[in-house]
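Listed below, chain by chain, are the residues.
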Amino acid sequence: MWAPTDIHTHLLEWGVTHVTGVPDTTFGPWFDHFSRSPAIRLVPVCREGEAWGVAAGLFLGGARPIVMIQCTGLFESGDALRNVLFDLQLPLYAIVGYRNYLNRQSASADSALRYTEPILRAWGLDPLLVESPQQIEHLRAHYFASRDAQSPGVAL
């Protein structure tokens, strides 16, 4: 996907101030890069559900956070997501690693592939599917549309 310096540059241009979450195989190198960034603060958490509460506190304090977790962590964090996005109505944005999506032929038994999008849609979220770095403008547009509408957004 994107090199850490590329995603950092894009998020910085979009006004993102913090990244919170749990690194996976995709986000691990990004988190390493963010941990050294003076411009975007990394706030790592132990469990994915904590990322939503941390992002909520940052947002309420005037920051522009993004949650970064893997889809299996998304499943684990459902109650926190529900509370923050729908009960508190906070317009947070998440980038969710879609485990094995790009390798789905050889990982067809991975149930995460079957449940990720239906679960997001059941929560009333319309995820943007990003399959290549060439779709960065789609991600940017989706992020800003969510932000401008003051509604939650998620990209896979």
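The text that follows walks through the structure, step by step, so that each part is easy to find. Only a predicted model underlies this, so the values are computations on that prediction, with no experimental measurement involved.

**Brief notes about the overall build of the protein**
Part 1 of the reasoning: For the protein, the count of helices and strands is seven helices and five strands.
Part 2 of the reasoning: For the protein, the succession of helices and strands along the chain, N to C, is α-β-α-β-α-β-α-α-β-α-α-β.
Part 3 of the reasoning: For the protein, whose C-alpha radius of gyration is 14 Å, the value lies close to the compact-globule estimate of 15 Å for 156 residues.
Part 4 of the reasoning: Summarising its shape, the C-alpha atoms of the protein cover approximately 40 × 35 × 30 Å along the three principal directions.

**Some details on the pattern of salt bridges**
Part 1 of the reasoning: Applying the stated criterion across every chain yields a total of four salt bridges.
Part 2 of the reasoning: Across the salt bridge formed by Arg47 and Glu76, the nearest N and O atoms sit 3.4 Å from each other. In this pair, Arg47 sits in the loop between β2 (41–44) and α3 (48–60) while Glu76 sits in helix α4 (residues 71–76), placing the two residues 29 residues apart along the sequence.
Part 3 of the reasoning: The salt bridge partner of Glu117 is Arg121, with a shortest N-O separation of 3.5 Å. Highlighted residues: Glu117 and Arg121, both in helix α6 (residues 111–122), separated by four residues, approximately one helical turn.
Part 4 of the reasoning: According to the relative accessible area criterion, Glu117 is buried, its value standing at 19%.
Part 5 of the reasoning: Beyond isolated ion pairs, a larger network of salt bridges with shared partners links Asp79, Arg82 and Asp87.

**Describing the nonpolar core**
Part 1 of the reasoning: Trp52 and Val96 are the most contacted members of the largest nonpolar core, which has 25 residues in total.
Part 2 of the reasoning: For this core, the secondary-structure elements that each account for two or more residues are α3, β3 (65–70), α4, α5 (78–87), β4 (93–97) and α6.
Part 3 of the reasoning: Ranked by residue count, the leading element in this core is α3, at four residues.
Part 4 of the reasoning: The contacts of Trp52, once residues within four sequence positions are left out, are Val67, Ile69, Leu74, Ser77, Ala80, Leu81, Val84, Leu85, Leu92 and Ala94.
Part 5 of the reasoning: Within the second largest apolar cluster, 23 residues are counted, among which are Ile7, Phe34, Leu128 and Phe144.

**So, helix α1 (residues 4–13)**
Part 1 of the reasoning: Of all the residues in α1, the buried ones are Ile7, His8, His10 and Leu11. Seen along its axis, α1 keeps its buried residues to an arc of 165°; they face one direction.

**Description of the packing of aromatic side chains**
Part 1 of the reasoning: Using the criterion set out here, one finds six aromatic pairs in the structure.
Part 2 of the reasoning: Ring geometry for Trp2 and Trp30: centres 6.4 Å apart, planes at 50°, overall tilted. Here Trp2 is found in the segment before α1, whereas its partner Trp30 is found in helix α2 (residues 27–35), with 28 residues between them in sequence.
Part 3 of the reasoning: Residue class for Trp30 comes out buried when judged on its relative accessible area of 4%.
Part 4 of the reasoning: Seen in terms of ring centroids, Trp14 and Tyr143 are 5.5 Å apart; in terms of plane orientation they differ by 20°. Their pairing is stacked. With Trp14 in the loop between α1 and β1 (18–21) and Tyr143 in helix α7 (residues 136–149), the pair connects residues that are 129 residues apart, well separated along the chain. The residues Trp14 and Tyr143 share a single accessibility class, namely buried.
Part 5 of the reasoning: Through a chain of ring-to-ring contacts, three or more aromatic side chains come together here, namely Trp2, Phe27, Trp30 and Phe31.

Rules used throughout
Residues numbered from 1 in each chain as written. Predicted model: local features only at pLDDT ≥ 70, side-chain atom pairs only at ≥ 80, totals over all residues. Heavy atoms only, no water. Helix = DSSP H or I, 4+ residues; strand = E, 2+ residues; numbered from the N terminus. Rg over C-alpha atoms; globule rule 2.2 N^0.38 Å. Salt bridge = Lys/Arg side-chain N within 4 Å of Asp/Glu carboxyl O. Buried < 20%, exposed > 50% of the residue type's maximum accessible area, 1.4 Å probe, protein only. Core = buried A, V, L, I, M, F, W, Y, C linked by side-chain atoms within 4.5 Å. Contact = heavy atoms within 4.5 Å. Arc of directions from axis to C-beta. Phe/Tyr/Trp six-rings, centres within 6.5 Å; stacked < 30°, edge-to-face > 60°.

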